[in-house]
Amino acid sequence: MTVLVFLDPSAPDGRIADASKPTLMATDQGATRGDGVFESLLVVGGTPRKPQAHLDRLDSSARAMDLQIPSQDAWRRAMTTAVTEFRRNRASARAGGAVGAGGTGEDSRMSATENIPDEMVLKLIVTRGVEGSTIPTAWVQASEPPATGRAQRESGIDVLLLERGYDSSIAERAPWLLLGAKTLSYAVNMAALRYARVHGADDVIFTSGDGRVLEGPTSSVLLAHAEGGGPDRVKRLITPQLDSGILPGTSQGALFTAAKAAGWELGYGPVEPGDLFDADGVWLISSIRLLAPVNHIDGREIGSPDVRAGLTAELNQLIHDAE
């Protein structure tokens, strides 16, 4: 199920489009050139998580591309329309499915839906518009979360280290590479994930040409050390430095704020591959999958299962409390 809501000056709350019919011009530069930016955020119980952080990052990405986009208020109204429409459509589909499965009353409808999380994914997408036009194309897309995300949060992932091909200082020297912007040009990221899966892994951590840890194709990298026990236990959470050509993670930022309040020590790189192998825990964190513990990197186990599970539980609680 997918709901599309286009940002349209003639429709203040957004214009709902039929997702089963063509809605994008073939000459739109988002389709022909990947010339645009986007954000993805999770909605839980009808409430988007970290909307302000995502809207701010969308603005930042657009500025990096010299792209004029709708106001944050316009995005918020379209998001509300998309969430409302998606939940209405899903409730109707689930109620109909429960009756069709042999029930006729409230009990059968509840049994069909009580174990299904009330979650959805919102994508905010804006392109430079059709060729020859100065008007951007902008829409909100609401859809079901991918099934793999919850499974990987619970069971963890295996990861490969892959070189991205740039050194860690290239973003400052070559801003036109847009390394700190969330653009629609995701072909390389998707190719890296396909490569990992062909070689028996679930995901990727990119490294720079000068040997620094960067980020995942769709996630930020975290590592942790825990020393001592009891009230004197010291827990340290680290992520690669943000000026190394990586996308500032909204989930990473929210988790760092919560971890600091809970007494964790925080650190920003530089991080090298050896630091990952020496850590008590490594995770990939993103807005949709949330916190995915890394079990193995290049076939080598990270930390011990018990310590890794304990730290993951603590961090998951911080993420939950932060929302």
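Here the structure is shown first, and the text comes after it.
Residues numbered from 1 in each chain as written. Predicted model: local features only at pLDDT ≥ 70, side-chain atom pairs only at ≥ 80, totals over all residues. Heavy atoms only, no water.

> Hey, could you go over the environment of Val130 for me, with residue numbers and the actual values?
Within the secondary structure, Val130 is located in the loop between strand 5 (119-127) and strand 6 (137-143). Looking at Val130, the relative accessible area reads 22%, which means it is partly exposed. Beyond its immediate sequence surroundings of up to four residues, Val130 is in contact with Met25, Thr27, Asp28, Gln29 and Thr137. (Helix = DSSP H or I, 4+ residues; strand = E, 2+ residues; numbered from the N terminus. Buried < 20%, exposed > 50% of the residue type's maximum accessible area, 1.4 Å probe, protein only. Contact = heavy atoms within 4.5 Å.)

> An account of the sheet that holds strand 2 (residues 11-17) is requested, with residue identities and associated values reported.
What the 6 strands build is an open sheet, ordered 2-1-6-5-3-4; its pairing is antiparallel. Each having just a single partner strand, strand 2 and strand 4 (47-48) make up the two edges of the open sheet. Bridge count for strand 3 (residues 36-44) against strand 5 is 9 bridges, and the pairing is antiparallel. Its bridge partner lying in strand 5, Phe38 is registered against Ile125. Strands in contact with helix 2 (residues 51-64) are strand 3, strand 4 and strand 5; relative to strand 3, the strand with the most contacts, it is inclined by about 175 degrees. (Pairing = 2+ DSSP bridges. Axes fitted to C-alpha atoms, helices over the stretch in contact; angles between N-to-C directions.)

> So what about the nonpolar core? Which residues, and what values?
Ranked by size, the top nonpolar core spans 26 residues in total, and within it Trp75, Leu122, Leu124 and Val140 carry the most contacts. At the level of elements, strand 1 (2-8), strand 3, helix 2, helix 3 (72-100), strand 5 and strand 6 are the ones that each hand at least two residues to this core. Sort the elements by how many residues they give to this core and helix 3 lands first, with 7 residues. Within the second largest apolar cluster, 18 residues are counted, among which are Ile157, Val221, Phe277 and Leu284. (Core = buried A, V, L, I, M, F, W, Y, C linked by side-chain atoms within 4.5 Å.)

> Give me the pairing of strand 3: which residues, what numbers.
Most of strand 3 is tucked away, with 8 of its 9 residues classed as buried. The pairing of strand 3 with strand 4 spans 2 bridges and is classified as antiparallel. Following the sheet pairing, Val43 is matched in strand 4 by Pro48. The antiparallel pairing of strand 3 with strand 4 creates a hairpin that spans 2 residues between the two strands, and Gly45 there sits at a positive phi of about 60 degrees.

> Kindly report on the environment of Arg15, identifying the contributing residues and their values.
Of note, Arg15 is situated in strand 2. For Arg15 and Leu4, which are 11 residues apart along the polypeptide, the C-alpha to C-alpha distance reads 8.2 Å. Excluding its chain neighbours within four sequence positions, the residues that come into contact with Arg15 are Leu4, Val5, Phe6 and Asp8.

> Help me get a handle on the pairing of strand 6, residues and values and all.
By the criterion of burial, strand 6 is predominantly enclosed, with 6 of the 7 residues buried. Sheet analysis places strand 1 next to strand 6, joined by 5 bridges and oriented antiparallel. In the strand pairing of strand 6, Phe6 is matched with Trp139.

> Please provide a residue-by-residue account of helix 2, values included.
The α-helix winds at 3.6 residues per turn, so residues separated by three or four positions along the chain end up facing the same way. With 14 residues, helix 2 should reach 20 Å at 1.5 Å per residue; the first-to-last C-alpha distance of 20 Å fits that figure. Asp66, located one to two residues past helix 2, shows a positive phi value of around 55 degrees. (Expected span 1.5 Å × (residues − 1).)

> Which residues make up empty space enclosed by the protein, and what values go with them?
Picture a little ball the size of a water molecule; that probe, rolled over the atoms, points out where space is still empty. Applying the stated criterion to the full structure yields 3 cavities of 30 Å³ or more. Roughly 50 Å³ of internal volume is contained in the second largest cavity. Forming the boundary of the second largest cavity are Leu214, Glu215, Ser220, Val221, Thr239, Pro240, Leu242, Ile246, Leu247, Gly249 and Gln252. Of the residues belonging to the lining of the second largest cavity, the class tally is 6 nonpolar, 4 polar and 1 charged. (1 Å grid on protein atoms, 1.4 Å probe; cavity = no way out; pocket = protein on both sides within 12 Å on 5 of 7 lines; lining within 4 Å. Points joined across faces, edges and corners; volume = space filled by probe spheres on them. Nonpolar A, V, L, I, M, F, W, Y, C, P; charged D, E, K, R; others polar.)

> Go over the side chain of Asn295, please, and point to the residues and values.
Looking at where Asn295 falls in the secondary structure, it is placed in strand 13 (residues 290-297). Within the structure, Asn295 has its side chain in polar contact with the backbone oxygen of Ser155 (distance 3.0 Å). In this structure the side chain of Asn295 is engaged in a polar contact, spanning 3.4 Å, whose partner is the side chain of Arg308. Those residues within four positions of Asn295 in sequence are excluded, and the remaining contacts are Ser155, Gly156, Ile157, Asp158, Arg300, Glu301, Ile302 and Arg308. (Polar contact = N/O pair within 3.5 Å; in protein donor to acceptor, adjacent residues only side chain to side chain.)

> Summarise the packing of aromatic side chains; cite the residues concerned and give the values.
A full pass over the atoms with the stated rule returns 3 aromatic pairs. Ring geometry for Phe38 against Tyr186: centres 5.2 Å apart, planes inclined by 80 degrees, an arrangement best described as edge-to-face. Highlighted residues: Phe38 in strand 3 and Tyr186 in the loop between helix 6 (170-173) and helix 7 (187-198), separated in sequence by 148 residues. Each of the two residues, Phe38 as well as Tyr186, counts as buried. (Phe/Tyr/Trp six-rings, centres within 6.5 Å; stacked < 30°, edge-to-face > 60°.)

> Can you lay out the layout of surface pockets for me, pointing to particular residues and giving the numbers?
Put simply, the second largest pocket is a space of about 440 Å³. Along the wall of the second largest pocket there are 24 residues; nearest its centre are Leu7, Ile135, Pro136, Thr137 and Ala138. Those elements that provide at least two residues to the lining of the second largest pocket are strand 1, strand 2, helix 3 and strand 6. Element by element, the count of residues in the lining of the second largest pocket is highest for strand 2, at 5 residues. Taken together, the residues of the lining of the second largest pocket sort by class into 14 nonpolar, 5 polar and 5 charged.

> I'd like a rundown of unusual backbone geometry, residues and numbers included.
Put simply, Gly269 and Pro270 share a cis peptide bond, and its omega is 5 degrees. With respect to the helices, strands and loops of the structure, Pro270 is situated in the loop between strand 11 (265-268) and helix 9 (273-278). Positive phi, close to 50 degrees, is recorded for Asp298, a residue that is not glycine. Assignment of secondary structure puts Asp298 in the loop between strand 13 and strand 14 (300-301).

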